[in-house]
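Next come the chains, spelled out residue by residue.
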Amino acid sequence: MKIWKKYKDSSFVLKMAIGFLAGALVGILFGKDASIISPLGTLLIHLLSLIAIPVIFLTVVLAVNQMNIKQLGKIGGKLISYYMMTTAAAVLIGLALALFFRPGANLTLPNADVEKPETPHISDVILGIVPENIFQAFTAGDLMSILFLAIIIGMGISTMKFSTEEKMRNYGEMLDTFFNALNELFFKILKGVLLYAPIGIFAISAQAFGSQGWSTLASLLKLAGVFYLGILILWVVVYAGFLKISKTPVFPFFKNTKEAYTTAFFTSSSIASLPVAIDAAKKAGISERTANFALPLGAVFNSDGGALRMGISLVFAANIANLSLSPTDFFVIVLIGTLLSIGTAGVPAAGLVTLSAVLSMFGLPLEIVALIAGVDALIGMGGTASNVLGDIVGAAFVDHTGKEKTAT
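Below is a summary of the structure that appears in this document. (Residues numbered from 1 in each chain as written. Predicted model: local features only at pLDDT ≥ 70, side-chain atom pairs only at ≥ 80, totals over all residues. Heavy atoms only, no water.)

**Points about the packing of helix α9 (residues 214-245) against helix α14 (residues 304-320)**
Contact geometry of α9 with α14 gives a least axis separation of 10 Å together with a crossing angle of 140°. Relative to α14, the element α9 is oriented oblique. Of the two elements, α9 crosses α14, and the hand of that crossing is right-handed. Of α14, the residues touching α9 (which contributes S219, L220, L223, V226, F227, G230, I231, L234 and Y239) are D304, G305, L308, R309, I312 and F316. (Axes fitted to C-alpha atoms, helices over the stretch in contact; angles between N-to-C directions. Helix = DSSP H or I, 4+ residues; strand = E, 2+ residues; numbered from the N terminus. Parallel < 35°, antiparallel > 145°, perpendicular 65-115°, else oblique. Left-handed = near helix turned anticlockwise from the far one by under 90°. Contact = heavy atoms within 4.5 Å.)

**Here's the deal with the packing of aromatic side chains**
Under the defined criterion, the tally for this structure stands at 13 aromatic pairs. Ring geometry for F227 and Y228: centres 5.5 Å apart, planes at 90°, overall edge-to-face. For Y228, a relative accessible area of 26% corresponds to the partly exposed category. Measuring from centroid to centroid gives 5.1 Å for F242 and F397, while their planes differ by 85°, and the two rings are edge-to-face. You can see F242 sitting in helix α9 and its partner F397 sitting in helix α18 (residues 376-407), a full 155 residues away along the chain. For the pair shown, F242 and F397 are each scored as buried. Chaining the aromatic ring pairs together yields one cluster made of F57, F138, F178 and F179. The lysine or arginine in question, K15, covers the ring of Y7, its NZ or CZ lying 4.7 Å from the ring centre. (Phe/Tyr/Trp six-rings, centres within 6.5 Å; stacked < 30°, edge-to-face > 60°. Buried < 20%, exposed > 50% of the residue type's maximum accessible area, 1.4 Å probe, protein only. Lys NZ or Arg CZ within 6 Å of the ring centre and 35° of its normal.)

Take a look at the structure:
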């Protein structure tokens, strides 16, 4: 029991790293014979598939219903527009870099090759977002339709909660409590899955290294390198660009906010870094009113690091599976990457959960999720730092452009 308690209380990042490294060692030592433990990895894949859709659906519903849509106002509208633009830019940067450097191109997994599904027209993709049947969207695992349902249900609950009619407010609170209870239920299940995850990663890592050797590690390090190059471009081009537009001095801004993004980097938590981020925003000249409103909103809605990772990981998976992505596929990836930034920032191991759902949508092997988990801690640190910095840049953009308009 003491061993189990110590295991439960250990850092998730540490457990994942040990599972990956232990699996790599077993794979190198035993070669292809390591595949005997592959069912343990398959079990993790099934568990991730089971939990991904309900977790994403519920977190998006709850994120959207927290907004008072009528009172969101110009600041909220401008912030959400900023989040949409930077998130889409992050996905595009990830796609472009991954297509250029082609991480995973020399890596294969057993039965990883997939048949290219028929590519629909963009108009069919857009029309397909609205499901004809609510239950069919869930049974088919149609992620686009599920996200659409989550957003409109969240908006519906929000309008009820903030209604002028007491009866509507009561119903809205009841629905909010219901979805919160469901969310807690699935988070309990997710915690159980994450307790098992290091074992599944151990098995998949052993199988991959047993058949591929050091080429697996080289591909994963290349993936991490491409990701951090994307982070650099996002900061230097996109974030600095928005600072320039708002006439905010770039270098002093990065200097004044360094405590926020370094805290986020080492804690890998946007929520835990929030007090530091608010303090840093004020130090950077952002008004207290804007900082207190924008940064909590960004912690829930904005995930540029996750969006960048999504673009790179999907191309990585497609390279392993020898699947050529069409322009329509890229459009869908950008759209999904942008939508998935809503609400999933606070989900434990959010990158792995959302990536599982998106890989399923494209028919790509979910074993790739477990492989990426081997460098998840390294990627997650940079992604969280980007999320927090992006939130502060958004607050500066809204605050300073608002001041200019007021002055004129």
